[in-house]
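Residues per chain, in single letters:
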Amino acid sequence: MIATDSVGRLFQEAAAQGAQPLWTVMEGMVPPHPEPKAVPHVWRYADMRPLLERAGRLVGTDDAERRVFMLVNPAMEAPHTTDTLYAGLQLILPGEVARAHRHVAFALRFIIEGDGAYTAVAGEKVTMARGDVILTPSWAYHDHGNEGSQPMVWLDGLDLPVYQFFPANFAQPYSAERYPSEPAPSDSHLKFSWAEMQARLDADTEPYAFAEYVHTQTGAPVSRVIGAAAERIAGRCSSPTRRETAGIVYHVFEGRGLTRVDGHVLEWQRGDTFCVPAWAPYRHEAARDTYLFRFDDRPILDAIGAYRAEHDGA
Ligand code: GTQ
């Protein structure tokens, strides 16, 4: 037994064994409420579109398997748009093919502009138009091609940050540029058309409407990690104030307004993408009739029993 033992000495010797006291950092380890690292942020399409255009001129599909600008949260590093979600803007020019690969990570696309492009997913060639949502399930081979005459831009939503945490992601190139595919059936479970979603939102006569995208066959969320929904807010109206343990990425399909998040004011208009960190109270205020697309990590939170939400009941 050392006569002059001290707490400092104890900590030093514990550190030499790869151990640290919990009690000095207890609150950080089990905080009283969620403490996301991500901060609220808007990526404006007016700023992003010219960067994509330049990438289109400077970088070909040989150099970029996917020509994407990641939307990186200012308080985090790539691939974090929020603590758990990744978003990126992908450009594909007429005549280009983004070669086939597959990965464990799930992806969804929300089409921002252009038509005449397709994503071939596991042998189904799915054509894409503005506002459509296309799913790329885990481990399904997929390639993208633009057979139209206009550039195509879409928002990618992936669960990549989850695989920073769980080292369980694999990726594989396919042996050819394109994976063999047939035109997708009109009722493909891989695609949700905007027209259908807008009809669901418009069927609700309230100034604020919310509708989730669910698998047409199973009624389940679009993946086991990521869920997606759309919202309609009538001009000069607001959403309820909510907070959720889910992180959220929003994209403005149509309209103009702002979102108050925890004291921040995010102003947005058509084409912009913004994020809401976990547990931050947020409320949308629409200046004009507005449609928002969103994806979140609710399904995986549900799976681990950690999804919680509160709203003001408005
Ligand atoms: O289109 O396959 O934004 O693999 C990031 C990773 C898109 C894709 C991204 C990807 C893809």
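Here the structure is shown first, and the text comes after it.
Residues numbered from 1 in each chain as written. Predicted model: local features only at pLDDT ≥ 70, side-chain atom pairs only at ≥ 80, totals over all residues. Heavy atoms only, no water.

Draft legend 1. The arrangement of the overall build of the protein in detail. From N to C terminus, the protein includes six helices and 23 strands. For 314 residues, the compact-globule formula gives about 20 Å, and the C-alpha radius of gyration of the protein, at 22 Å, lands near that figure. Over its C-alpha atoms, taken along the principal directions, the protein stretches across nearly 80 × 50 × 40 Å. Of all 314 residues assigned to the protein, the portion counted as buried reaches 47%. Contacts in the protein between residues far apart in sequence, at least 24 positions, make up 74% of those at least 6 positions apart. Here the protein displays about 15,600 Å² of accessible surface, and carbon together with sulfur accounts for 53% of that area. Separation between the mean location of the 29 positive side-chain charges and that of the 41 negative ones in the protein comes to 3 Å. (Helix = DSSP H or I, 4+ residues; strand = E, 2+ residues; numbered from the N terminus. Rg over C-alpha atoms; globule rule 2.2 N^0.38 Å. Buried < 20%, exposed > 50% of the residue type's maximum accessible area, 1.4 Å probe, protein only. Contact = heavy atoms within 4.5 Å. Areas by Shrake-Rupley, 256 points an atom, 1.4 Å probe, with all protein chains shown as cover. Lys, Arg positive; Asp, Glu negative; His and termini not counted. Charge placed at Lys NZ, Arg CZ, Asp CG, Glu CD.)

Draft legend 2. Geometry of the site of the ligand. Around the ligand sit R66, V68, Y86, Q90, H101, H103, R109, H142, H144, D156 and L158, and that is every residue in its neighbourhood. H101 places a polar side-chain atom, nitrogen or oxygen, 2.8 Å from an oxygen atom of the ligand. One of the side-chain N or O atoms of H144 is found 2.8 Å from an oxygen atom in the ligand. Burial of the ligand by the protein chains amounts to 90% of its free accessible area of 290 Å². Elements with a minimum of two residues in the shell around the ligand: β3 (86–92), β4 (97–103), β9 (142–146) and β10 (152–158). Class assignment for the residues of the shell around the ligand results in three nonpolar, five polar and three charged. (Near = heavy atom within 4 Å. Polar contact = N/O pair within 3.5 Å; in protein donor to acceptor, adjacent residues only side chain to side chain. Nonpolar A, V, L, I, M, F, W, Y, C, P; charged D, E, K, R; others polar.)

Draft legend 3. Spatial organisation of the nonpolar core. Membership of the largest hydrophobic core comes to 55 residues, with the highest contact counts inside it found for L108, L155, W194, Y213, F293 and F295. The contacts of F293, once residues within four sequence positions are left out, are L108, F110, V133, L155, Y213, A228, A229, A230, V249, Y250 and H251. Of all hydrophobic cores here, the second largest spans 15 residues; its members include Y208, Y250, F274 and A280. (Core = buried A, V, L, I, M, F, W, Y, C linked by side-chain atoms within 4.5 Å.)

Draft legend 4. How the structure looks around the pairing of strand β5 (residues 107–113). Among the seven residues in β5, six count as buried, and that is most of the element. Alignment of β5 against strand β8 (residues 133–136), held across four bridges, turns out to be antiparallel. Looking at β8, one finds that R109 is bridged to I134. In terms of strand pairing, β5 meets β10 through six bridges, oriented antiparallel. (Pairing = 2+ DSSP bridges.)

Draft legend 5. How the structure looks around the sheet that holds strand β12 (residues 182–183). What the six strands build is an open sheet, ordered β11-β4-β9-β6-β7-β12; its pairing is mixed. Only two strands of the sheet have a single partner each, and these edge strands are β11 (171–173) and β12. Sheet topology note: the β4/β11 ladder contains three bridges and is antiparallel. Pairing of R102 across the sheet is with Q172, part of β11.

Draft legend 6. Examining the pattern of salt bridges more closely. What the rule picks out here adds up to 18 salt bridges. Note that E147 is salt-bridged to K125, the shortest N-O span being 3.2 Å. In this pair, E147 is assigned in the loop between β9 and β10 and K125 in strand β7 (residues 124–128), connecting sequence segments 22 residues apart. Since its relative accessible area comes to 51%, E147 is described here as exposed. With a closest N to O distance of 3.1 Å, E231 and R242 form a salt bridge. With E231 in strand β15 (residues 227–233) and R242 in strand β16 (residues 242–244), this residue pair connects regions lying eleven residues apart in the sequence. You'll find E231 and R242 in the same group, each marked buried. (Salt bridge = Lys/Arg side-chain N within 4 Å of Asp/Glu carboxyl O.)

Draft legend 7. Spotlight on the side chain of R232. Looking at where R232 falls in the secondary structure, it is placed in strand β15. At a separation of 3.2 Å, a polar atom in the side chain of R232 contacts the main-chain carbonyl oxygen of L201. Within the local environment of R232, its side chain forms a polar contact with the backbone oxygen of D204, the two atoms lying 2.5 Å apart. Those residues within four positions of R232 in sequence are excluded, and the remaining contacts are L201, D202, D204, E206, P207, Y208, A209, T290 and Y291.

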